[in-house]
Amino acid sequence: AQSVTQLGSHVSVSEGALVLLRCNYSSSVPPYLFWYVQYPNQGLQLLLKYTSAATLVKGINGFEAEFKKSETSFHLTKPSAHMSDAAEYFCAVSLSYNNNDMRFGAGTRLTVKP
Amino acid sequence: NAGVTQTPKFQVLKTGQSMTLQCAQDMNHNSMYWYRQDPGMGLRLIYYSASEGTTDKGEVPNGYNVSRLNKREFSLRLESAAPSQTSVYFCASTRSKTSAPLEQYFGPGTRLTVT
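Residues numbered from 1 in each chain as written. Chains lettered and ligands numbered in written order. Predicted model: local features only at pLDDT ≥ 70, side-chain atom pairs only at ≥ 80, totals over all residues. Heavy atoms only, no water.

**Student:** How do you make sense of the nonpolar core when you look at a structure like this?
**Tutor:** For soluble globular proteins, the rule of thumb is that nonpolar side chains tend to be buried together. Within the largest apolar cluster, 27 residues are counted, with the highest numbers of intra-cluster contacts made by Trp35, Leu47, Leu48, Phe74, Leu76 and Tyr89 of chain A. For Tyr89 of chain A, the contacting residues outside a window of four places in its chain are Gln6, Leu21, Trp35, Tyr36, Val37, Leu47, Phe63, Leu76, Gly107, Thr108 and Leu110 of chain A. With 20 residues, the next largest nonpolar core counts Met19, Trp34, Ile46 and Cys91 of chain B among its residues. (Core = buried A, V, L, I, M, F, W, Y, C linked by side-chain atoms within 4.5 Å. Buried < 20%, exposed > 50% of the residue type's maximum accessible area, 1.4 Å probe, protein only. Contact = heavy atoms within 4.5 Å.)

The structure is reproduced here in structure tokens:
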């Protein structure tokens, strides 16, 4: 079965600094990959998804992620952090169209310091 | 357009009590899901319903039952609550499509404590 590992349960950056959140997956076949964001006391919102159309995926709020098959990675980046980016971020992997086998990572909490 | 709504927002149960968590979506989505979120473990799928009238087990179904009441509503029932079911429960929905996976839309969650 597929799985996801997020390296670092907590990441802290200064406002304006680069954001890098790491995600590695394991899968026997090319997967579909997602990044979701969760703000305090809310449900998850989709940031971006990889569905094999392009390896560099751009999402909302200035985030992007690059699919690297050789490294089995799908790291999330943003060039310049904003205070409003403080949230928990989840990487997820699915092998099916209907997401009934979706597996989420444990999450990375991003703190942005002024 | 409210999206995905869940009731209640908070609930405290005693061990052995039962309750039903309600979920409704107004986006005309075919598929609906129930997840639980525990610290350090991300979200885990409990049950899902690919379409009205069908339900299937997910990764952690033990201790739960579900009902897809109609296209809009998908409820989760705990027949005899246990402390291990203390968690935050999220309902989600998506428009089914055969050519590519679509994003899931999540409700605000129900925070359940079992004492």
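**Student:** So what exactly am I meant to see when it comes to the environment of Cys91 of chain A here?
**Tutor:** Residues and elements named next belong to chain A. Structurally, Cys91 can be placed in strand E9 (residues 87–94). A relative accessible area of 0% means that Cys91 is categorised as buried. With 26 residues separating them along the chain, Cys91 and Ala65 place their C-alpha atoms 11 Å apart. Cys91 has contacts with Val4, Gln6, Cys23, Phe34, Trp35, Arg103, Phe104 and Gly105, leaving out every residue within four places of it along the chain. (Helix = DSSP H or I, 4+ residues; strand = E, 2+ residues; numbered from the N terminus.)

**Student:** When you look at the state of the cysteines in this model, what are you seeing that I'm missing?
**Tutor:** Two cysteines joined by a covalent bond between their sulfur atoms form a disulfide. Across all of its chains, the model carries two disulfides over all chains by this definition. Here Cys23 of chain A connects covalently by a disulfide to Cys91 of chain A, the sulfurs 2.0 Å from one another. On the S-S bond that ties Cys23 of chain A to Cys91 of chain A, the torsion sits near -60°, and the link is left-handed. Residue Cys23 of chain A is located in strand E3 (residues 19–26), and its partner Cys91 of chain A is located in strand E9; the two are separated by 68 residues in the primary sequence. No difference in accessibility class separates Cys23 of chain A from Cys91 of chain A, as the two residues are buried. Across a sulfur-sulfur distance of 1.9 Å, Cys23 of chain B and Cys91 of chain B are joined as a disulfide pair. Taking the sign of the S-S torsion, -70° for the link of Cys23 of chain B and Cys91 of chain B, the bridge is left-handed. (Disulfide = S-S within 2.5 Å.)

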